[in-house]
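So you can see what is in the structure, the chains are spelled out below.
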Amino acid sequence: MARQGELFGRSQLGELGQIGAGAIPLLAHQLEQWQGRLACHQGPLFANQQAAAEQISLFGSRGDTAEQQAEHFNPLSLQPQPLSFWRWPAAPQHGCALYFVADRPAGLSQPLLLYVGETGRADQRWKGEHDCKAYLAAYGEALLKANLGCQLSIRFWLDVPSAIGARRALEQALIRRWLPPFNKETRSRWATPFQADPA
């Protein structure tokens, strides 16, 4: 599988610059502004979600499209796990899944959904190479250098189609709805200064 590469070229980053060898570190206010832009889009989506207790199974209505399923899905209804979950002796999830990586910045009243992915092997997908892991490492390093904290977590949704086409359609619908900045499909939306490969 080819690596995703950097999200944006230097000319598209403006004042944000890039995280990489020899790069000027981002300032706290720059990172908070970037998080704030993402929160402006995602905040209303989180606010409009039904309470987890009211959420019905995704496939309760067989006629729902992927877009309709994505509209009613609440990622916060899933149990958060640390990103190091894959090091546990026994994986808590197996089989097909969609997964969601989020941060809970201290200065925001809501989390930020950073990445949406799909897999046929939830117990294996996060092991080894994964572009999102590199983006998260650069993101965490930038926050640390700016004296800002992060609370990264991953959540798995196991009640998803086993057929890869239907699962990917649902993943894409969720990406279009939430616009998570570390997915390659949203590169043109966010001036993301984090990259998977060093400069």
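Above this note sits the structure.
Structural notes, computed from the coordinates. This structure is a prediction, so every number in the text was calculated from the model and none was measured. (Residues numbered from 1 in each chain as written. Predicted model: local features only at pLDDT ≥ 70, side-chain atom pairs only at ≥ 80, totals over all residues. Heavy atoms only, no water.)

The next thing to look at is the pattern of salt bridges. Across all of its chains, the model carries four salt bridges by this definition. Across the pair E118 and R167 runs a salt bridge whose closest N-O atoms are separated by 2.7 Å. Taken together, the residues span a long stretch of sequence, with E118 in strand 2 (residues 112-119) and R167 in helix 4 (residues 164-178) at a distance of 49 residues. Relative accessible area serves as the criterion here: at 4%, R167 is assigned to the buried category. In this structure, a network of salt bridges that share partners links the residues E118, R167 and R168. (Salt bridge = Lys/Arg side-chain N within 4 Å of Asp/Glu carboxyl O. Helix = DSSP H or I, 4+ residues; strand = E, 2+ residues; numbered from the N terminus. Buried < 20%, exposed > 50% of the residue type's maximum accessible area, 1.4 Å probe, protein only.)

With that settled, consider the nonpolar core. By size, the foremost hydrophobic cluster in this structure holds 27 residues, and its most contacted members are L114 and F182. Taken together, the elements giving at least two residues each to this core come down to helix 1 (28-47), strand 1 (97-103), strand 2, helix 3 (131-145) and strand 3 (153-157). Per-element accounting of this core gives the leading share, six residues, to helix 3. In contact with L114, not counting residues within four places along its chain, are W34, L38, V101, A102, D103, L136, Y139, L152, P180, P181, F182 and N183. Ranked by size, the runner-up nonpolar core spans 16 residues in total, among them V116, W157, I175 and W178. (Core = buried A, V, L, I, M, F, W, Y, C linked by side-chain atoms within 4.5 Å. Contact = heavy atoms within 4.5 Å.)

With that settled, consider helix 1. For helix 1, the principal kink sits at H41 and spans about 40 degrees; a proline, P44, occurs within the next four residues. Three or more residues of helix 1 are buried, namely Q30, L31, W34, Q35, L38, A39, Q42, G43, L45 and F46. On its buried side, helix 1 packs onto strand 1, strand 2, helix 3 and helix 4. (Bend = angle between axes of the 7 residues up to and from the residue.)

The next thing to look at is the pairing of strand 2. Of all eight residues in strand 2, eight are buried, a share of seventy percent or more. Pairing geometry for strand 1 and strand 2, over seven bridges, is antiparallel. Among the inter-strand pairings, A102 is bridged to a residue of strand 2, identified as L113. (Pairing = 2+ DSSP bridges.)

Attention shifts here to the packing of aromatic side chains. Geometrically, a pair of aromatic rings is defined through the distance of the ring centres and the angle of the planes. One pass over the full model with this rule turns up ten aromatic pairs. Centre to centre, the rings of Y99 and Y115 are 6.1 Å apart; their planes meet at 35 degrees, and the pair counts as tilted. Of the two residues, Y99 sits in strand 1 while Y115 sits in strand 2, which places them 16 residues apart along the sequence. Exposure remark for Y99: the relative accessible area of 1% places this residue in the buried category. (Phe/Tyr/Trp six-rings, centres within 6.5 Å; stacked < 30°, edge-to-face > 60°.)

The geometry of helix 1 relative to helix 3 is characterised by a closest axis approach of 9 Å and an angle of 130 degrees between their N-to-C directions. What the angle tells us is that helix 1 and helix 3 run oblique. For the pair formed by helix 1 and helix 3, the contact residues are L31, W34 and Q35 on the first element and Y139, A142 and L143 on the second. The residue inventory of the contact of helix 1 with helix 3, partitioned by class, reads five nonpolar, one polar and no charged. (Axes fitted to C-alpha atoms, helices over the stretch in contact; angles between N-to-C directions. Parallel < 35°, antiparallel > 145°, perpendicular 65-115°, else oblique. Nonpolar A, V, L, I, M, F, W, Y, C, P; charged D, E, K, R; others polar.)

Such coordinate-based values are descriptive only and should not be taken to indicate function.
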